[in-house]
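# Geometric and topological summary
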Amino acid sequence: MNVGAFLITFREALEAAIIVAIIIAYLRRTNRAKQIKDVWIGTALSVGVSVLLGIGVLKFYGGLEETELFEGVASYLAVIVLTSMIYWMATKGKDIKAEIESKVSRSIAPLALIGFTFIVVFREGLETVLFLTPFMTQNLSGTLLGLFAGLAGALVLAYLIYGVGMRIDLRKFFYFSSILLVFVAAGLAGYGTHELIEWAEEEGYSPGFLAGTAYDLGIPSESVWHHKGAIGSVFAVLFGYSVSMEWGRVLVQFGYLITALYLVLRAYGKGPTLNREKKTAKSAVRFTHF
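Now for a look at the structure at hand.

## Things to note about the packing of helix α5 (residues 110–138) against helix α7 (residues 170–202)
Axis separation between α5 and α7 bottoms out at 11 Å; the angle between their running directions is 55°. With respect to α7, the axis of α5 lies oblique. α7 is crossed by α5, and the crossing has left-handed handedness. Residues Phe131, Pro134, Phe135 and Gln138 of α5 touch α7, and the partners they reach there are Val184, Leu188 and Tyr191. Here the contact of α5 with α7 is built from residues that sort into 6 nonpolar, 1 polar and no charged.

The following block contains the structure:
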């Protein structure tokens, strides 16, 4: 199972479940329970379109000749979207409930509510497809297994929170998962750089010192510690581990890692639940039911 695919899908699906739960809770609270069916229609449509989009991406990839270029560009695109999602949740996530409720209050007509639900849930589906594309091109079966496991885990956690009433500090959950996703994104940035360097060399371009070997651990491909081995592959997905790297990959991967970690830690450091000097009983954000 691709651990990175599991982590990404788990978080994206949980975000989608939270959004749907906020909408449904607001409709019940405002005596609009009859419109809940419209929420499920919008959710089903968004899931269906996301699945079709994923199939389309795989079909498109299968017909390409220059796969290195596609994988490099897809990895970079996934990193850009993943980074924006992480930073948005860190800086704006605390206002998501009020923002969604405000928009639902203006979505009176059935089509308006279906359309709004479709858009907000499909955004999570689109992000998931973009994030998983680089993984699917490397290991389709492992990525699909991680996808289904992530969906199952997110649905179970969502049920425990909103159905059973389990208490969980979602801000801390997103904080720690954001740190893990930064490492995943750094690995994707490094992998994309590696693929682009290979594509450039095959096309006759000279990347110069960027294509030079920065290090080589000398671990054989049959070893479990190789980045394609049983253990090394897990580290490769989670932390961008590789037994050898070009200078271009090192600069991009670790440059991104340092910058992104700084921004995420700084953003969450301003949050009340992570600042010990400002932390109070009222500022501890604990969600049971919205």
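## A closer look at the environment of Gly150
Relative to the helices and strands, Gly150 resides in helix α6 (residues 140–164). Among residues more than four places away in sequence, those in contact with Gly150 are Phe6, Thr9 and Phe10.

## Considerations on the packing of aromatic side chains
Considering all chains together, one arrives at 10 aromatic pairs under this definition. A ring pair is formed by Phe118 and Phe122, whose centres lie 5.4 Å apart and whose planes are at 5°; its orientation type is stacked. On the criterion of helical spacing, the pair formed by Phe118 and Phe122 is a turn pair, its members being 4 residues apart in helix α5. On the accessibility criterion, Phe118 (23% relative accessible area) is partly exposed. By relative accessible area, which is 19% here, Phe122 ends up buried. Among the aromatic residues, ring-to-ring pairing joins Phe6, Phe10, Phe173 and Phe174 into one connected group. When the ring centre of Trp88 is taken as reference, the NZ or CZ atom of Arg123 above it lies at 5.4 Å.

## Some words on the side chain of Glu124
Mapped onto the secondary structure, Glu124 falls in helix α5. Setting aside residues no more than four positions away along its own chain, Glu124 makes contact with Glu12, Glu15, Ala16 and Ile19.

Basis of the calculations
Residues numbered from 1 in each chain as written. Predicted model: local features only at pLDDT ≥ 70, side-chain atom pairs only at ≥ 80, totals over all residues. Heavy atoms only, no water. Axes fitted to C-alpha atoms, helices over the stretch in contact; angles between N-to-C directions. Helix = DSSP H or I, 4+ residues; strand = E, 2+ residues; numbered from the N terminus. Parallel < 35°, antiparallel > 145°, perpendicular 65-115°, else oblique. Left-handed = near helix turned anticlockwise from the far one by under 90°. Contact = heavy atoms within 4.5 Å. Nonpolar A, V, L, I, M, F, W, Y, C, P; charged D, E, K, R; others polar. Phe/Tyr/Trp six-rings, centres within 6.5 Å; stacked < 30°, edge-to-face > 60°. Buried < 20%, exposed > 50% of the residue type's maximum accessible area, 1.4 Å probe, protein only. Lys NZ or Arg CZ within 6 Å of the ring centre and 35° of its normal.

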